[in-house]
Amino acid sequence: MARDQAPRVGTRYITSNEHPLLRPKDAASIILLDRAGPDIRFLVGKRARAHTFMPNFYVFPGGRRDRADSRVGVAKPLKEPVIQRLMARTDRTMTTARAQALAVAAIRETFEEAGLVIAGDGKVGLHSDWTGFSERGLAPDLSALRYVARAITPPRQSRRFDTRFFACFLDEIGADPKDVSDSEELQDLTWIGFADVDQMQLPRITRTIIDDLQNVLGSETELPYGQPVPFYYVKHGTFVRDII
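In this text the structure is predicted, and so the values were computed from the model without any measurement.

A. Local environment of the overall build of the protein chain. The secondary structure content of the protein chain amounts to four helices and 11 strands. The C-alpha atoms of the protein chain give 17 Å as radius of gyration, which agrees with the globular expectation for 244 residues (18 Å, within 12%). With the principal axes as the frame, the protein chain shows a C-alpha extent of 50 × 45 × 40 Å. Within the protein chain, the fraction of its 244 residues that count as buried is 51%.

Below, the structure is given as structure tokens:
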């Protein structure tokens, strides 16, 4: 979330006047899960040093939702329980199309940052950001994505995002760990397990979400589509965890 990492749940968050109070922008990330081996692994990549926001931190592929993402054709939509969770705890401007666009954005960013195509046969339309899909006759396939977390960057940061985190299993999208490749946005793409987290320079909120995911997978190995979603944000100066 923030470049200096998010505070712990229940602690006071001290703001400064270093940055203005920005309205969070919609964003989305995908946690890609490889369960082919004895232990589940997930993909992280290192943000380039030139980035203003979280340089040199390892993060999941993802980024901002673009306006055009709500107009992109899809091969298969999100599962209904996922849409219902995405629509919860939002303002009046959140529509089904905008909710689905969050998943579309996550797939677009995963392709741009890691080279992985999560798609099926279909037409995306005339959108310049999707030529890698349209040239193959493909459109984003949202059907395997689970909604697993939401986090809003604390106030007074250089960037603020209202990020929805999705997760999916590689075998469900017909992908292989070798299919990913570094980009200008994410470098040193690495598949790590839960035991490797302490050795990686991860934002604290990312570690928290990984802990949540590990707990769910410990009892629900297939990761249900309609599961409760942890929601992290700062309220009245305190970092809190709610459930959607």
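B. Here's a closer look at the nonpolar core. The biggest cluster of nonpolar side chains holds 46 residues, and the ones touching the most others in it are Ile-30, Leu-32, Phe-166 and Ile-173. Only strand E1 (25-34), helix H1 (80-87), helix H2 (96-114), strand E6 (138-140), strand E7 (146-152), strand E8 (161-169), strand E9 (186-193) and strand E10 (230-235) provide two or more residues apiece to this core. Among the elements that line this core, the one with the most residues is H2, at seven residues. When sequence neighbours within four positions are dropped, the list of residues in contact with Ile-30 reads Phe-60, Pro-61, Ala-106, Ile-107, Thr-110, Ile-118, Leu-145, Phe-166 and Cys-168. The next biggest cluster of nonpolar side chains, apart from the first, holds 25 residues, and it includes Leu-33, Tyr-58, Phe-194 and Phe-239.

C. Quick peek at the pattern of salt bridges. Taken as a whole, this structure holds 19 salt bridges when the rule is applied. A salt bridge links Glu-109 to Arg-108; the nearest nitrogen and oxygen atoms lie 3.0 Å apart. Neither Glu-109 nor Arg-108 differs from the other in exposure class; each is buried. For Arg-108, the salt bridge identified is with Glu-112, shortest N-O distance 3.7 Å.

D. Main features of H1. Every buried residue belonging to H1 is among Val-82, Ile-83 and Leu-86, and all of these are buried. Down the axis of H1, the smallest arc covering the buried residues is 100°, so these residues share one side. At the C-terminal side of H1, Arg-89 shows a positive phi close to 55°.

E. Geometry of the packing of H1 against H2. Put simply, H1 and H2 touch, their axes get as near as 9 Å, and they point 105° apart. One finds that H1 runs roughly perpendicular with respect to H2. Note on element contacts: H2 touches H1 through Thr-96, Ala-99, Gln-100 and Leu-102, opposite Ile-83, Leu-86 and Met-87. Its residues placed into classes, the contact of H1 with H2 shows five nonpolar, two polar and no charged.

Analysis parameters
Residues numbered from 1 in each chain as written. Predicted model: local features only at pLDDT ≥ 70, side-chain atom pairs only at ≥ 80, totals over all residues. Heavy atoms only, no water. Helix = DSSP H or I, 4+ residues; strand = E, 2+ residues; numbered from the N terminus. Rg over C-alpha atoms; globule rule 2.2 N^0.38 Å. Buried < 20%, exposed > 50% of the residue type's maximum accessible area, 1.4 Å probe, protein only. Core = buried A, V, L, I, M, F, W, Y, C linked by side-chain atoms within 4.5 Å. Contact = heavy atoms within 4.5 Å. Salt bridge = Lys/Arg side-chain N within 4 Å of Asp/Glu carboxyl O. Arc of directions from axis to C-beta. Axes fitted to C-alpha atoms, helices over the stretch in contact; angles between N-to-C directions. Parallel < 35°, antiparallel > 145°, perpendicular 65-115°, else oblique. Nonpolar A, V, L, I, M, F, W, Y, C, P; charged D, E, K, R; others polar.

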